[in-house]
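Listed below, chain by chain, are the residues.
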Amino acid sequence: MKFGISTFITDLSTRPAPLGRAIEERGFDSLFIAEHSHIPVDRRSPYPPGGDLPDIYYRTLDPFVALTAAATVTERLLLGTGIALVSQRDPIHTAKEVASLDLVSDGRAVFGVGVGWNREEMANHGTDPATRGKLVNERLRAILELWTKEKAEFHGEFVDFDPVYAWPKPVRKPHPPLFVGGGRGAFPRVAELGDVWLANGVPPEVLAPQIEEMRAMAGRAVPVTVYGVPATTEAVEGYAQLDVERVLFYLPSDPEPATLAQLDQFAEVAARFR
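Rules used in this analysis
Residues numbered from 1 in each chain as written. Predicted model: local features only at pLDDT ≥ 70, side-chain atom pairs only at ≥ 80, totals over all residues. Heavy atoms only, no water. Helix = DSSP H or I, 4+ residues; strand = E, 2+ residues; numbered from the N terminus. Phe/Tyr/Trp six-rings, centres within 6.5 Å; stacked < 30°, edge-to-face > 60°. Lys NZ or Arg CZ within 6 Å of the ring centre and 35° of its normal. Buried < 20%, exposed > 50% of the residue type's maximum accessible area, 1.4 Å probe, protein only. Pairing = 2+ DSSP bridges. Right-handed = clockwise from strand over helix to strand, strands pointing away. Core = buried A, V, L, I, M, F, W, Y, C linked by side-chain atoms within 4.5 Å. Contact = heavy atoms within 4.5 Å. Polar contact = N/O pair within 3.5 Å; in protein donor to acceptor, adjacent residues only side chain to side chain.

Trainee: Got a minute to help me understand unusual backbone geometry in this structure?
Mentor: Phi is mostly negative for residues that are not glycine, and the peptide bonds are mostly trans. A cis amide bond, omega 5°, links Gly 82 with the succeeding residue Ile 83. One can find Ile 83 in the loop between β3 (78-81) and β4 (84-85). Positive phi values are uncommon outside glycine, yet Asp 243 reaches one of about 60°. Among the structural elements, Asp 243 can be located in the loop between α8 (233-241) and β11 (246-251).

Trainee: Any chance you could explain the packing of aromatic side chains here in plain terms?
Mentor: Two descriptors summarise a pair of aromatic rings, namely the distance from one centre to the other and the angle between the planes of the rings. Following the criterion strictly, the structure yields 12 aromatic pairs and no others. Measuring from centroid to centroid gives 6.4 Å for Phe 3 and Phe 273, while their planes differ by 45°, and the two rings are tilted. Taken together, the residues span a long stretch of sequence, with Phe 3 in strand β1 (residues 2-7) and Phe 273 in the segment after α9 (256-271) at a distance of 270 residues. Considering the side-chain rings of Phe 8 and Tyr 57, the 4.7 Å spacing of their centres and the 55° angle between planes classify their relative orientation as tilted. Here the residue Phe 8 occupies a position in the loop between β1 and α1 (16-25), and Tyr 57 occupies one in the loop between β2 (30-33) and α2 (63-71), the gap between them amounting to 49 residues. Three or more aromatic residues joined by ring pairs make a cluster, and in this case those are Phe 3, Phe 28, Phe 249, Phe 266 and Phe 273. Sitting above the plane of the Trp 167 ring, Lys 169 keeps its charged end 5.7 Å from the centroid. Over the ring of Phe 28 we find Arg 274; its NZ or CZ atom is 5.8 Å from the centre of that ring.

Trainee: Would you take a moment to explain the pairing of strand β9 (residues 196-200) for this structure?
Mentor: Looking down a regular strand, the side chains alternate between one sheet face and the other. Most of β9 sits out of view: four of its five residues are buried. Looking at chain direction, strand β8 (residues 178-181) and β9 are connected through three bridges and run parallel. Opposite Phe 179, over in β9, you have Val 196 as the bridge partner. What joins β8 to β9 is helix α6 (residues 187-193), and the crossover it makes is right-handed. Judged from the four bridges that link them, β9 and strand β10 (residues 224-229) form a sheet pairing that is parallel. By the bridge assignment, Asn 200 is partnered in β10 with Tyr 227. In this fold, the crossover linking β9 to β10 by way of helix α7 (residues 204-218) has right-handed handedness.

Trainee: Help me understand the nonpolar core, please; the structure alone is not making it clear to me.
Mentor: Soluble, globular proteins show a tendency: their nonpolar side chains are buried together. Within the largest apolar cluster, 66 residues are counted, with the highest numbers of intra-cluster contacts made by Phe 28, Phe 111 and Phe 249. Residue contributions to this core peak at seven residues, all from helix α5 (residues 132-148). Beyond its immediate sequence surroundings of up to four residues, Phe 28 is in contact with Phe 3, Gly 4, Ile 5, Ile 23, Leu 77, Phe 249, Leu 263, Phe 266, Ala 267, Ala 270 and Arg 274. Within the second largest apolar cluster, 15 residues are counted, among which are Ala 34, Ile 39, Phe 179 and Leu 198.

Trainee: Which parts of the structure should I look at to understand the side chain of Asn 137?
Mentor: Locating Asn 137 in the fold gives a position in helix α5. Of note is the side chain of Asn 137, whose polar atom sits 2.5 Å from the side chain of Arg 189. Once you skip the residues sitting within four places of it in the chain, Asn 137 turns out to touch Arg 189 and Leu 193.

Trainee: Is there a simple way to explain the environment of Ala 71 in this structure?
Mentor: Mapped onto the elements of the fold, Ala 71 is located in helix α2. Ala 71 sits in the buried class, given a relative accessible area of 5%. Residues Ala 71 and Glu 35, spaced 36 residues apart in sequence, show a C-alpha to C-alpha distance of 18 Å. Those residues in contact with Ala 71 that sit more than four places away from it in its chain are Leu 79, Leu 101, Ser 105 and Arg 108.

Written out as structure tokens, the structure reads:
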């Protein structure tokens, strides 16, 4: 089983370059960072875990700028969005951003994707929350065309463009892996488009039947990465028994001294399973 880090990088937390370097030095294989373009003042969408929305949601850096900074000081670390809100992103610009990250990192980009939960946030991007799932599917199909075709075109309900040239193409072939986030509602998207299911902190006893359901729908043994895992021996042991491919420890968005101390603790837990 592989071990990575999931976090929010903000203007108040450890900068992405020293963070990426510290994660790689401690033997973790990946860094996945969250995305929110903004938080509307008049937000009515409830925070999924309940309670007040944490401050980190208001202060996230652009994920591709942050991951590029981490790429410049690392050599092996996978650089992932966890997750990119495709419901709020232009597909042509997004295809170029991911491919550019893949190029400057020599093929280490991972495209973690999802539909999002903040209806007011996505509405500010012109997205109808009621159709965001269909919109995301179309945008992902269009992005795959832009990555893999010299002359790409797409004609759908939400995305429509005649043949275009779009470079750079990704270094990773056929394209950077798509890590599809979400629960059961995302399983059809995993089946059609996903390379990996990115499960969001589901406990092992709940995750086990969901993995079976997801793989049955996909008709193949889709790998599983679990986001936001507590860094305890008991939690990791439960996921190890399920033979998930990777767990991502959740790293608080702290200044550098606290971050380094936390990463050292995470590394001690991971070492017990290596």
